[in-house]
Amino acid sequence: MIKTALTIAGSDCSGGAGIQADLKTMTMHGVYGMSVITALTAQNTRGVSAVCPVTEECFRQQIDSIFTDIVPDAVKIGMIGSKCLIPILAERLAYYQADNLVIDPVMGSTSGTEFLGREGKTELAKRLFPMARLITPNLLEAERLVNRTIQRKAEREAAAVEMGQRYGCSVLLKGGHAAEDADDFLYEIKQNRKIWISGERYYVSNTHGTGCTLSAAIVSNLAKGKELEESVRLAKEYISGALQKEIFLGHGNGPLNHMWNLEN
């Protein structure tokens, strides 16, 4: 039977990030993708011009519609359009005992648009991180979570371990914004394993949706029953291909090539 995955995130009308990127990624991994939309956004490769969160009731009903019919094997949480949705999400996921939860703590867009204020960030970490199997912050997001600057490898490792022990979940601290290298650090809390995963920095112009796509790929692999480290490594391989085989769309930071390994 086909495995299933759910993405809970914002909609990107330009197709490069958010729900659209997640569903493309899930399809390319051979899992059946479903979605709960947290917000509509007006955005393209140049930036975000509007964010319109869904109503609390509509949000709740979307979640209930999924879990009372096609129960997902894994769940990814991306951009949450409003802090008011966080308590609903936490309560519903706990009620349905959602499995293989991966959280990409999207707090703002690359172009500078803020999605969650300070209170929202605190609520996200407090209510949802302890439920997660894995969180996937980049360096900028991790700095907000630990309230200090992070750059060097020792600082990145210490921050990931701190977050993991504080929230009781595994942490993938992404290194794409690091000055030294593009390596990621995976802290698996149950086994107390500290794993550096080497990564190549690609000097490309089309990186819109990279974080969304990586977390969706990890969730897809977890849905298929793969272990956490293997899921992360396979996701990084998929991202590498999507970055290298560029498609040139739009007039700004263009989207990844989610279909790079599609056989014609």
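Refer to the preceding data block for the structure.
Computed from a predicted model, the values in this text were never measured in an experiment.

K.L.:
Describe the packing of aromatic side chains, naming the residues involved and giving the relevant values.
P.N.:
Evaluation of the coordinates by the stated rule reveals five aromatic pairs. Pairing Phe-67 with Tyr-96 gives two aromatic rings, centres 5.0 Å apart and planes at 10°, and the pair type is stacked. Of this pair, Phe-67 sits in helix α2 (residues 56–67) while Tyr-96 sits in helix α3 (residues 85–96), and the two are 29 residues apart along the sequence. Per residue, the accessibility class of Phe-67 equals that of Tyr-96, and both read buried. Ring centres of Phe-185 and Trp-196 lie 5.0 Å apart, and the angle between their planes is 55°; this geometry places the pair in the tilted category.

K.L.:
Lay out unusual backbone geometry in plain terms, naming residues and giving numbers.
P.N.:
The phi torsion at Asn-100 lies on the positive side, around 50°, for a residue other than glycine. With respect to the element layout, Asn-100 can be found in the loop between α3 and β5 (101–103). Asn-100 sits in the buried class, given a relative accessible area of 12%. Its identity as a non-glycine residue notwithstanding, Asn-192 has a phi of 50°, on the positive side. Note on placement: Asn-192 falls in the loop between β8 (184–188) and β9 (193–197). Residue Asn-192 is classed as partly exposed on the basis of its relative accessible area, which comes to 47%.

K.L.:
I'd love a proper account of the nonpolar core, names of residues and values included.
P.N.:
Within the largest apolar cluster, 43 residues are counted, with the highest numbers of intra-cluster contacts made by Ile-8, Phe-59, Ile-77, Leu-89 and Leu-128. Sorting elements by how many residues they give to this core places α3 first, with seven residues. Residues in contact with Phe-59, not counting those within four places in the same chain, are Ile-8, Val-36, Ile-37, Thr-38, Val-54, Leu-85, Ile-88 and Leu-89. With 24 residues, the next largest nonpolar core counts Met-26, Leu-214, Leu-228 and Leu-256 among its residues.

K.L.:
Outline a nonpolar patch on the surface, listing residues and values.
P.N.:
Together, Met-1, Ile-2, Tyr-32 and Ile-70 give the surface a local cluster of nonpolar side chains, amounting to about 490 Å² of exposed area. As for its placement among the helices and strands, Met-1 is situated in the segment before β1 (4–12). For Met-1, a relative accessible area of 99% puts it in the exposed group.

K.L.:
Describe the environment of Gly-254, listing the residues and the values that go with them.
P.N.:
Along the chain, Gly-254 turns up in the segment after α8 (228–244). A C-alpha to C-alpha distance of 38 Å links Gly-254 and Gln-191, two positions 63 residues apart in sequence.

K.L.:
Before we move on, could you go through α3 and cite the residues and values that matter?
P.N.:
Taking 1.5 Å of rise per residue, the 12 residues of α3 would be expected to cover 16 Å, and the 17 Å separating its terminal C-alpha atoms lies within 8% of that figure. Those residues of α3 that sit buried are Leu-85, Ile-86, Ile-88, Leu-89, Ala-90, Arg-92, Leu-93 and Tyr-96. Just beyond α3, the residue with positive phi is Gln-97, at close to 55°.

K.L.:
A description of the environment of Lys-3 should follow, citing residues and the corresponding values.
P.N.:
Residue position: Lys-3 is located in the segment before β1. Take Lys-3: its relative accessible area is 36%, and that puts it in the partly exposed class. Linking Lys-3 and His-258, residues 255 residues apart in sequence, is a C-alpha distance of 20 Å. Not counting the four nearest positions on each side in its chain, Lys-3 is found in contact with Val-31, Tyr-32, Asp-73, Ala-223 and Lys-224.

Thresholds applied
- Residues numbered from 1 in each chain as written.
- Predicted model: local features only at pLDDT ≥ 70, side-chain atom pairs only at ≥ 80, totals over all residues.
- Heavy atoms only, no water.
- Phe/Tyr/Trp six-rings, centres within 6.5 Å; stacked < 30°, edge-to-face > 60°.
- Helix = DSSP H or I, 4+ residues; strand = E, 2+ residues; numbered from the N terminus.
- Buried < 20%, exposed > 50% of the residue type's maximum accessible area, 1.4 Å probe, protein only.
- Core = buried A, V, L, I, M, F, W, Y, C linked by side-chain atoms within 4.5 Å.
- Contact = heavy atoms within 4.5 Å.
- Patch = residues over 30% accessible without salt bridge, like charges linked within 9 Å, V, L, I, M, F, W, Y side chains within 5 Å.
- Areas by Shrake-Rupley, 256 points an atom, 1.4 Å probe, with all protein chains shown as cover.
- Salt bridge = Lys/Arg side-chain N within 4 Å of Asp/Glu carboxyl O.
- Expected span 1.5 Å × (residues − 1).

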